[in-house]
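Take a look at the letters that make up each chain.
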Amino acid sequence: QLELVESGGGEVQPGGSLRLSCLVNRNTVDYHTMAWFRQAPGKEREGVALITPGGETTVYAESVKGRFHVSASSADNRVYLQMNSLKPEDTGIYFCAGQWDPWGKVTELRATFTFWGQGTQVTVSS
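Here the structure is a predicted model, which is why all the values come from computation and not from measurement.

Undergrad: I'd love a proper account of the overall build of the protein, names of residues and values included.
TA: Along the backbone of the protein there are one helix and 11 strands. Taking 14 Å as the expected radius of gyration for a compact globule of 126 residues, we find that the protein reaches 13 Å, a close match to that expectation. Along the first, second and third principal axes, the C-alpha set of the protein runs to 40 × 25 × 25 Å. The burial tally for the protein puts 45% of its 126 residues in the buried class. When contacts within the protein are restricted to residue pairs at least 6 apart in sequence, those whose partners lie at least 24 apart make up 60%. Counting only carbon and sulfur atoms, one obtains 45% of the accessible surface of the protein, whose full area is about 6,500 Å².

Spelled out as structure tokens, the structure:
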């Protein structure tokens, strides 16, 4: 039973940065593939970034490549999303998600994730 709590959202100007954090109650790198999703008003939820246990594989949506970076820490049971060069179209609710995957086989953002956090709002505007 994975529990996820997101934090770090807020309001930022275009070109700015934010770092999101997802606290989990199990060792992220040992047992779960973790991912970040987002949902803008009137749009479907979309996958943003993914990281497999141990950080062996990372996957990013084309729209955020080179700007966002996902990482995980086994020391504090957190997964992070560093967001740089933010654009207004990055605005939305960001969700942390997890899937039991100690073998690191879940490597696609369109995969099914069992556990979800409540989300944190990110607003990019001037």
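Undergrad: Tell me about the side chain of E6, and name the residues and values.
TA: Looking at the secondary structure, you find E6 in strand β1 (residues 4-7). Notably, E6 is buried but unbridged: the nearest opposite-charge side chain belongs to R45, and the N-O separation is 8.9 Å. At 2.8 Å, the side chain of E6 forms a polar contact with the backbone nitrogen of C96. Reaching out from E6, the side chain makes a polar contact with the backbone nitrogen of G119 at a distance of 3.0 Å. E6 has contacts with S21, C22, W36, Y94, F95, C96, G117, Q118, G119 and T120, leaving out every residue within four places of it along the chain.

Undergrad: Which residues make up the packing of aromatic side chains, and what values go with them?
TA: Taken as a whole and assessed by the stated rule, the structure comprises four aromatic pairs. Here the aromatic rings of F37 and F113 are separated by 5.5 Å at their centres, their planes lie at 75°, and the arrangement is edge-to-face. In this pair, F37 is assigned in strand β4 (residues 32-39) and F113 in the loop between β9 (92-100) and β10 (115-116), connecting sequence segments 76 residues apart. Overall, the relative accessible area of 7% leaves F37 in the buried class. For F113, a relative accessible area of 6% puts it in the buried group. Aromatic pair F95 and W116: ring centres 6.5 Å apart, planes at 75°, arrangement edge-to-face. Taken as a pair, F95 in strand β9 and W116 in strand β10 lie far apart in primary sequence, 21 residues in all. Ring pairing ties together the aromatic residues F37, F95, F113 and W116, which thus form one cluster. Note that R19 overlies the ring of Y80, its terminal NZ or CZ placed 4.0 Å from the centroid. When the ring centre of W116 is taken as origin, the NZ or CZ atom of R45, which lies over that ring, is 4.4 Å away.

Each value, and the rule that gives it
Residues numbered from 1 in each chain as written. Predicted model: local features only at pLDDT ≥ 70, side-chain atom pairs only at ≥ 80, totals over all residues. Heavy atoms only, no water. Helix = DSSP H or I, 4+ residues; strand = E, 2+ residues; numbered from the N terminus. Rg over C-alpha atoms; globule rule 2.2 N^0.38 Å. Buried < 20%, exposed > 50% of the residue type's maximum accessible area, 1.4 Å probe, protein only. Contact = heavy atoms within 4.5 Å. Areas by Shrake-Rupley, 256 points an atom, 1.4 Å probe, with all protein chains shown as cover. Lys, Arg positive; Asp, Glu negative; His and termini not counted. Salt bridge = Lys/Arg side-chain N within 4 Å of Asp/Glu carboxyl O. Polar contact = N/O pair within 3.5 Å; in protein donor to acceptor, adjacent residues only side chain to side chain. Phe/Tyr/Trp six-rings, centres within 6.5 Å; stacked < 30°, edge-to-face > 60°. Lys NZ or Arg CZ within 6 Å of the ring centre and 35° of its normal.

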